[in-house]
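Structural overview
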Amino acid sequence: QVQLVESGGGLVQAGGSLRLSCAASGRTFSGYAMGWFRQAPGKEREFVAHISTYGTTTHYAGSVKGRFTISRDNAKNTVYLQMNSLKAEDTAVYYCGARFGTGDVTLPSTYAYWGQGTQVTVSV
């Protein structure tokens, strides 16, 4: 059993920044690769970013590359998503997920555990 809790969402003006956090418990955090996904109203869950178990490799969706940074602090059992230069189209509920298997990191089905999500709203 792994519990994931996202925090840090809120309302921000376009061009601004937010940092999301995802705190994990229930299993050794370093045993999981982690990802961030988002889901806007009427849309499917969309891949945002992925980070490997020890943070040595990262992967980003093209829509956020250069603006978002995923990182992790295994000592704190936490993964972060630093979001800069936010755009209105970034508005969504953001979810963190944990995976221990293999497969395409952009597919939600490859993640075993999910947090409850945190709302990010970018106003213009």
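All residue numbers refer to positions counted from 1 along the written sequence of the respective chain. In keeping with the predicted nature of the model, local features appear solely for residues at pLDDT of at least 70, side-chain atom pairs appear and are counted solely at 80 or more, and the whole-chain, interface and lining totals rest on all residues. Derived side-chain values reflect all non-hydrogen atoms in the structure, with water molecules and hydrogen atoms excluded from consideration.

Okay, the packing of aromatic side chains next. Each aromatic pair joins two rings of Phe, Tyr and Trp (for Trp, the six-membered one) with centres within 6.5 Å, and gets the label stacked for planes under 30 degrees apart, edge-to-face for over 60, and tilted for any other angle. Counted under the stated rule, the structure contains 6 aromatic pairs. Ring centres of Tyr 32 and Tyr 113 lie 5.9 Å apart, and the angle between their planes is 75 degrees; this geometry places the pair in the edge-to-face category. Placement of the pair is Tyr 32 in the loop between strand E3 (18–25) and strand E4 (33–39) and Tyr 113 in strand E10 (residues 113–114), with a sequence separation of 81 residues. The cut-offs for exposure are 20% and 50% of the maximum accessible area for each residue type, with area from a 1.4 Å probe on protein chains only; residues under the lower value are buried, those over the upper are exposed, and the others partly exposed. According to the relative accessible area criterion, Tyr 113 is partly exposed, its value standing at 24%. Here the aromatic rings of Phe 37 and Trp 114 are separated by 5.1 Å at their centres, their planes lie at 75 degrees, and the arrangement is edge-to-face. In this pair, Phe 37 is assigned in strand E4 and Trp 114 in strand E10, connecting sequence segments 77 residues apart. Assessed through its relative accessible area of 26%, Trp 114 is described here as partly exposed. Pairwise contacts between aromatic rings join Phe 37, Phe 47, Tyr 111 and Trp 114 into one cluster. Where helices and strands are cited, they refer to DSSP runs of H or I of at least four residues and of E of at least two residues respectively, numbered from the N terminus.

Turning to the side chain of Ser 52, a few remarks are in order. Note on placement: Ser 52 falls in the loop between strand E5 (46–51) and strand E6 (58–60). We call two residues in contact when some of their heavy atoms are within 4.5 Å. In this view, Ser 52 contacts Ala 33, Thr 57 and Arg 72; residues no more than four positions away in its chain are not counted.

The next thing to look at is the environment of Val 64. Note on placement: Val 64 falls in the loop between E6 and strand E7 (68–73). Distance in space between the C-alpha atoms of Val 64 and Leu 20 is 14 Å, their sequence separation being 44 residues. When residues no more than four places from it in sequence are discounted, the contact partners of Val 64 are Arg 38 and Val 48.

We now examine the sheet that holds strand E1 (residues 3–7). If DSSP finds at least two bridges between two strands, the strands pair. The 4 strands are arranged E1-E3-E8-E7 in an open sheet whose pairing can be described as antiparallel. Both outer strands of the open sheet, E1 and E7, are each paired with one neighbouring strand and no more. Averaged over all pairs of adjacent strands, the angle between strand axes in this sheet comes to 15 degrees, irrespective of strand direction. Of the strand pairs in this sheet, E7 and strand E8 (residues 78–83) are connected by 6 bridges, and their pairing is antiparallel. In the sheet register, Ile 70 faces E8, and the bridge partner there is Leu 81. All axes here are fitted lines through C-alpha atoms, helices being fitted over the stretch that makes contact, and every angle between N-to-C directions spans 0 to 180 degrees.

Note on disulfides: each one is a pair of cysteine sulfur atoms within 2.5 Å. All chains considered together, the criterion is met by 1 disulfide. Shown here is the disulfide that connects Cys 22 with Cys 96, its sulfur atoms set 1.9 Å apart. Every disulfide takes its handedness from the sign of the S-S torsion; for Cys 22 and Cys 96 that torsion is 50 degrees, giving right-handed. Of this pair, Cys 22 sits in strand E3 while Cys 96 is found in strand E9 (residues 92–99), placing the two residues 74 residues apart along the sequence. For the residue pair Cys 22 and Cys 96, the accessibility class agrees, reading buried in each case.

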